[in-house]
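Structural features, examined
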Amino acid sequence: MNNTDLTVDICGIKLKNPVIAASGTFGFGREHSDYVDLNKIGGISVKGLTLNPREGNKPPRVAETPAGMLNSVGLQNPGVRYFIENEIQFLRQFSTAIIANIAGNTIEEYCEMAEILSDADIDAIELNVSCPNVKAGCVAFGNTPEGIADITSQVRKHCRKPLIVKLTPNVTSISDIAAAAEDAGADALSLINTLLGMAIDIEARRPILANNTGGLSGPAVKPVAVRMVYEVYRTVKIPIIGMGGISTGNDAVEFLLAGASAVMVGTACLVYPDACIKVCEGIEQYMKRHGFCRVADITGKLMLNT
Amino acid sequence: MNNTDLTVDICGIKLKNPVIAASGTFGFGREHSDYVDLNKIGGISVKGLTLNPREGNKPPRVAETPAGMLNSVGLQNPGVRYFIENEIQFLRQFSTAIIANIAGNTIEEYCEMAEILSDADIDAIELNVSCPNVKAGCVAFGNTPEGIADITSQVRKHCRKPLIVKLTPNVTSISDIAAAAEDAGADALSLINTLLGMAIDIEARRPILANNTGGLSGPAVKPVAVRMVYEVYRTVKIPIIGMGGISTGNDAVEFLLAGASAVMVGTACLVYPDACIKVCEGIEQYMKRHGFCRVADITGKLMLNT
Amino acid sequence: MSKLLKEVITRVERATDSIFRITVASEYISANAAPGQFVNIKCCDGAQALLRRPISICSVDRSKGEFDLYFQVKGAGTEILAGKKRGDTLDILGPLGRGFDLDIGYRRIAAVGGGIGIFPLLFLLDESKAVVKRSYLGFRSSGQVLLLEEFGERSTSLETATEDGSFGSKGFVTDLLERDIISEEFDMIYACGPYPMLRKISEIAGKHGARCQISMEQRMGCGFGACLTCACMTYTDDGSRHYVRVCSDGPVFNSEDVVFE
Amino acid sequence: MSKLLKEVITRVERATDSIFRITVASEYISANAAPGQFVNIKCCDGAQALLRRPISICSVDRSKGEFDLYFQVKGAGTEILAGKKRGDTLDILGPLGRGFDLDIGYRRIAAVGGGIGIFPLLFLLDESKAVVKRSYLGFRSSGQVLLLEEFGERSTSLETATEDGSFGSKGFVTDLLERDIISEEFDMIYACGPYPMLRKISEIAGKHGARCQISMEQRMGCGFGACLTCACMTYTDDGSRHYVRVCSDGPVFNSEDVVFE
Ligand SMILES: Cc1cc2nc3c(=O)[nH]c(=O)nc-3n(C[C@H](O)[C@H](O)[C@H](O)COP(=O)(O)OP(=O)(O)OC[C@H]3O[C@@H](n4cnc5c(N)ncnc54)[C@H](O)[C@@H]3O)c2cc1C
Ligand SMILES: Cc1cc2nc3c(=O)[nH]c(=O)nc-3n(C[C@H](O)[C@H](O)[C@H](O)COP(=O)(O)OP(=O)(O)OC[C@H]3O[C@@H](n4cnc5c(N)ncnc54)[C@H](O)[C@@H]3O)c2cc1C
Ligand SMILES: Cc1cc2nc3c(=O)[nH]c(=O)nc-3n(C[C@H](O)[C@H](O)[C@H](O)COP(=O)(O)O)c2cc1C
Ligand SMILES: Cc1cc2nc3c(=O)[nH]c(=O)nc-3n(C[C@H](O)[C@H](O)[C@H](O)COP(=O)(O)O)c2cc1C
Ligand code: FES
Ligand code: FES
């Protein structure tokens, strides 16, 4: 009880603490570095990368909803090569894990990125499978067990870094999807990505987002996210990174108890640039209060009511 | 513009206004009648009925979440025959539509209830298909297009009242599910039922709900619900009753614009017993402000951004 | 009948570290409330602290048309409540629930309260016509002790127990009741407090054939009987078990009717 | 550099029906802010009004270490803000964004503001070293007119227009600018206001070859450059189009760089 050890090891990715900045809410770390010491953050999942630069969607790209927000950034990013040449060096100044979050239109694009990134100085690759597969009727890769198995197994062949598959929550059975990703070779799973939503400006009679629909994140989604982490934990053996509405250490502990080995903080990082630090401090306090020495001791320690 | 007509006709169900109390949040109307004039409410979808009385789940059955709540009542109800013998008469004192919401373990149970209720003095039957089908591995009837088609077509044969099928949002493609229900003979659709969620008491390290998981409702789910109504409206021709997080007239208008012909108000009725009236007044104000004469003129009038 | 009311707060006071007292001006509640009933409070407009919070009516001043609430700050809702100021309006639904049965025939009563369960007993003692009123109050520790003067004034005798012995006798309030239950021959025992305390009291009362009413707590969706979330398992007349609603069939039950699990 | 600050409110005032003025004591902001920059405000703790609200810095009193915000009540966030009291703390991130370019060589300037877009121009006029400062302010109607004295003091001339003609000249503020743009030979036009106004001003400036800086608005997720939600399409040097961030690449842009769609 005297020593609280915050380190975690997720499929070989060593984190100094279990709190990772979620993709798309932390850029490439530069902006947040004005407000927080990046050395204190377990890891950073960078803004979703694509093979070629992307302009993203028209604005407005954000709408506030009750205890949540919708976004439709549409993966604006400078491309994976720009990232490697111009951003990794900045991030490597800090002792924090670098996770490259990747997205694409086709499995080939994902594979090519995995290939390129496997030679880069990063710690892991996170597969964003919530994107439409343009060769399969624009159904998201992660919407079916077959789809996620296909992309995971193919990327696996090109990926020489730990491979995290990030699940979309817009599915009937998250455990079937998770099992398919595990079987296809994922080293870890992260969940949840955003829930598909819409907000309407009733005066203009138009959706607020120029893209009409967007992804829901923030506190509102937490109960859905915790439930999914709990279901997935009972299904797979690989480690889980939990997220969805985490703003405090107590929120994070819910995910750890439900089965997560680490957590990601997204929307909260937009509102409070130092959110990751606060979440981490909250986890540490909880551990001290309950006499947990290691984070792994909390993982999955939820007792079910009978 | 001088006359604002609030009446709507949904597959033959004539409502004096488009605001219906959602099932499970309004009992059989008795409790709310202390606070509101039930004559002013468009309709009441009564607490979910089963063939035989049910005790429901252990308490705690409710947990508050950010801008939402989880419930796990587990369909406690006195059974369909008790309802017919003891509750309809009370409700019929008021000029409000009575919708019998039904649930079961097997399709046979649903069919038997539809048969019994077809001879009762009610205005419509609403099929809650979010329940586990005990003969099909306890997957919810409404989770697959095949499942919902099966139950809808079979109940259809026994149902001599307008048949509303209430969709569960815990699915990958709500439009596929909606289309299957329409093809199988639904007269109208209502959506959304609750999202599956979990909240954890981190001190006790147990889920707050004795049932471990529960259904998420309230403002938090509104963006998901609006998006689903919008998707379903683009898929089916039958009328849609929209719900999920409606607390104000403005919230309701979002659903109408997205494609709903009427709305249901659930969680808000628990917090404000007079919520339905307030929502209705808000719709009327919006109609006056924008020069809409009939509610049907709003339905689906959302203009998409391009 | 209960009503949806917007009433004005006339006083906010800190009673202990974590317990606040709020006085509310309400002709309707003060005229209609009975001991054991509660009000259900919307702590702020909008989606934050979405559901109402049930708080027992602690005492009523009929002449002034006011009533008192005492509550402990636990989470989001009670924290907002604690920040209210004199002059603010309070959005309440009440009075709610079936309170204590105060039969005129009960001449010797015991009021047994634990922690935040003591509050509704003050109003009970006020209204009870009994000749002997023995109060037994239990707290975690001396820092939580409050309302002794008020209970003293309204009781024939008052004893307190703290778990750590820092105030009154050391141990549980149920020990005090058990000590007196035979000798005192109470016509009715009234109890309110945490679940384990109520279970214990039910046991004691059952063992000695004493009559006992207990006020139950449960998480609530609506507070007025519509949502069926506040279930409490009870025995029916034929001995079978059945869920009833804490908010409207209770919160007060005969202890022998409640199934402790 | 911007900072995460908790500062004390020293004054809250109602300026018009729907517009409030809040004065905040902040050594850091008042020492470091430049005209055209904004602060991003967390209107209340927790999940209600979840995202921060961007509000322009309207004026700065360096000697007192205070700055002023003027904001219109529109939705949940600004409503909470309007309820703040003197002495409350404000959770702000700032100063944020790239403000107006105040080159010392600009001797004749125009400040064109519409509605709630007038606020950052006050600070601009304060800091500008120009010899001729012509202010043109547009409002919907007389009820919205405010800050005339303050603008008058800081300008060589001040003209107002209202859409309904209830105050000043009838019509749009852009009409006034168009009337003067040739004769006045402005070195720089500074503009802030609704999108259609800025588009029109860009057109006018473009037609007459005048230089013009405009302050853009967009819905924001973070306000400090991390989330890419506040996109604004701009022309790059090679003539291609590219989304940049209003919050950190702007909010002030050269009007010729902005692609109006
Ligand atoms: C009939 C009744 C009378 C009560 N009287 C009093 C009283 O006089 N004084 C007092 O201090 N407390 C009383 N309580 C308990 C009080 O309602 C809770 O402490 C309070 O609701 C917690 O709200 P919160 O916002 O602080 O906590 P949160 O954790 O934010 O509450 C979240 C949700 O859980 C519910 N909840 C949490 N704890 C409890 C609990 N112990 N019982 C019921 N619901 C809970 C809340 O109502 C809310 O819906 C009473 C409870 C009941 C059922
Ligand atoms: C750089 C900048 C400077 C601004 N300066 C001022 C100012 O000095 N005074 C003033 O009154 N207003 C100003 N605004 C507009 C102000 O930010 C919005 O009116 C305000 O955010 C609305 O919040 P709400 O809670 O009232 O509305 P809500 O409708 O509850 O807001 C919901 C969400 O939409 C966003 N939003 C709504 N309207 C706008 C808008 N017009 N622009 C940007 N985001 C919006 C909110 O920030 C929030 O995220 C400025 C906007 C920007 C981008
Ligand atoms: C503005 C924004 C941009 C996002 N961009 C990405 C992205 O590029 N790739 C990705 O996998 N997830 C992206 N996400 C999803 C988050 O990483 C995270 O899964 C989600 O927001 C839920 O967590 P939260 O509730 O803590 O925000 C984005 C989220 C937001 C709010
Ligand atoms: C306490 C509670 C009980 C419910 N019971 C039922 C039910 O019996 N049958 C049903 O179809 N839906 C039931 N629902 C779902 C609601 O009818 C509605 O679909 C859902 O709550 C979303 O609407 P809301 O956000 O307005 O509450 C219940 C919801 C709540 C909160
Ligand atoms: S709380 Fe809704 S029935 Fe008791
Ligand atoms: S608002 Fe986040 S980048 Fe501008």
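Let me begin by describing the structure that accompanies this report. Every residue gets a number counted from 1 within its own chain, in the order that chain's sequence is written. For naming, the first written chain is A and the first written ligand is 1, with later ones following in the order written. Local features in this predicted model are restricted to residues of pLDDT 70 or higher, and side-chain atom pairs are both shown and tallied only at a pLDDT of 80 or more, whereas totals for entire chains, interfaces and linings draw on every residue. The basis for every side-chain value is the complete set of heavy atoms in the structure, and neither hydrogens nor water enter the calculation.

**Here we look at the overall build of chain A**
Within chain A, the secondary structure is distributed over 9 helices and 16 strands. Atoms considered for the radius of gyration are the C-alpha atoms alone. The globule rule reads 2.2 Å times the number of residues to the power 0.38. For 306 residues, the compact-globule estimate of 2.2 N^0.38 gives 19 Å, and chain A sits close to it at 18 Å. For chain A, the spread of C-alpha atoms along the three principal axes comes to 55 × 50 × 45 Å. Think of it in three bands: with a 1.4 Å probe and only protein chains considered, a residue is buried below 20% of the maximum accessible area for its type, exposed above 50%, and partly exposed in between. The burial tally for chain A puts 65% of its 306 residues in the buried class. Here, two residues are considered to be in contact whenever any of their heavy atoms come within 4.5 Å of each other. Contacts in chain A between residues far apart in sequence, at least 24 positions, make up 70% of those at least 6 positions apart. Here the open area of atoms and residues is found with the Shrake-Rupley method and a 1.4 Å probe, where only the protein chains shown may cover a residue. Of the roughly 10,000 Å² of accessible surface on chain A, 48% is carried by carbon and sulfur atoms. Only DSSP runs of H or I with at least four residues qualify as helices, and only runs of E with at least two residues qualify as strands; both kinds are numbered from the N terminus onward.

**Structural notes on the interface of chain A and chain B**
Counting residues at the interface gives 49 residues for chain A and 49 residues for chain B. Accessible area that two parts lose when put together, with a 1.4 Å probe and added across both, is what the buried area reports. Around 4,400 Å² of area is buried between chain A and chain B when both sides are counted, 59% of it from carbon and sulfur atoms. When the buried surface of chain A facing chain B is broken down by residue, I202, R205 and N305 of chain A rank first, second and third, together holding 17% of it. Whenever a carboxyl oxygen of Asp or Glu lies within 4 Å of a side-chain nitrogen of Lys or Arg, that contact is scored as a salt bridge. Inspection of the region where chain A meets chain B yields 2 salt bridges. Between E203 of chain B and R289 of chain A there is a salt bridge, and its shortest N-O distance comes to 2.7 Å. Here a polar contact means two N or O atoms within 3.5 Å. Within protein one must be a hydrogen donor candidate and the other an acceptor candidate, and residues neighboring in sequence count only if both atoms are side-chain atoms. Applying the counting rule to chain A against chain B returns 27 residue pairs in polar contact (both at pLDDT 80 or more). Among the secondary structure elements, those contributing two or more residues to the side of chain A that touches chain B are β11 (195-197), β13 (206-207), α6 (222-233), α7 (249-258) and α9 (275-290) of chain A. Ranked by residues supplied to the side of chain A that touches chain B, first place goes to α6 of chain A with 6 residues. Residues are grouped as follows: nonpolar covers Ala, Val, Leu, Ile, Met, Phe, Trp, Tyr, Cys and Pro; charged covers Asp, Glu, Lys and Arg; every other residue, Gly included, is treated as polar. Its residues placed into classes, the side of chain A that touches chain B shows 29 nonpolar, 11 polar and 9 charged.

**Points about the relation of the copies chain D and chain C**
In this comparison the copies share one frame, found by least squares on the C-alpha atoms of residues holding pLDDT of at least 70 in both. Once chain D has been moved 0.0 Å along the axis and rotated by 180°, it coincides with chain C to within an RMSD of 0.0 Å. Put plainly, the chains are arranged around a two-fold axis. Minimal C-alpha separation from the rotation axis in chain D is found for Q48 of chain D, amounting to 3.1 Å. Comparing interface residues between copies, 100% of those in chain D also sit at the interface in chain C, which points to an isologous, same-surface contact.

**Some remarks on unusual backbone geometry**
Note that the residue after P59 of chain B, namely P60 of chain B, is joined by a cis bond; omega there is -5°. By secondary structure assignment, the location of P60 of chain B is in the loop between β4 (43-45) and β5 (62-65). Across the junction of G94 of chain D and P95 of chain D, the peptide omega takes the value -5°, indicating a cis bond. Tracing the backbone shows P95 of chain D in strand β7 (residues 89-96). Positive phi, normally seen in glycine, also occurs at A49 of chain C, with a value near 45°. Counting through the fold element by element, A49 of chain C comes out in the loop between β3 (38-42) and β4 (53-56). Look at A49 of chain C and you get buried, because its relative accessible area is 5%. Of note in this structure, L147 of chain C is not a glycine but carries a positive phi near 65°.

**Quick notes on the arrangement of the chains**
Considering every one of the 4 pairs of chains in contact, the largest contact total is recorded for chains A and B. Nowhere do chain A and chain C come into contact; their C-alpha atoms are at least 7 Å apart. There is a clear gap between chain B and chain D: no contact, and 7 Å between their nearest C-alpha atoms.

**What to know about the interface of chain D and chain C**
Each partner contributes residues to the interface: chain D has 4 residues there, and chain C has 4 residues. Taking both partners together, chain D and chain C bury about 190 Å²; carbon and sulfur atoms supply 26% of that area. Inspection of the chain D/chain C interface yields 0 salt bridges. Run the count over chain D and chain C and you get 0 residue pairs in polar contact (both at pLDDT 80 or more). Taken together, the residues of the side of chain D that touches chain C sort by class into 1 nonpolar, 2 polar and 1 charged.

**Here's the deal with the environment of D119 of chain B**
Residues and elements named next belong to chain B. Mapping D119 onto the fold places it in the loop between α3 (107-118) and β8 (124-128). Classification of D119 as exposed rests on a relative accessible area of 64%. For D119 and K161, which are 42 residues apart along the polypeptide, the C-alpha to C-alpha distance reads 8.9 Å.

**Overview of the relation of the copies chain A and chain B**
Between chain A and chain B, which share one sequence, the superposing operator has a rotation angle of 180° and an axial displacement of 0.0 Å; the RMSD is 0.0 Å. A high fraction, 100%, of the interface residues of chain A reappear at the interface in chain B, so the copies pair face to face through one surface.

So yeah, pure geometry; function would need other evidence.
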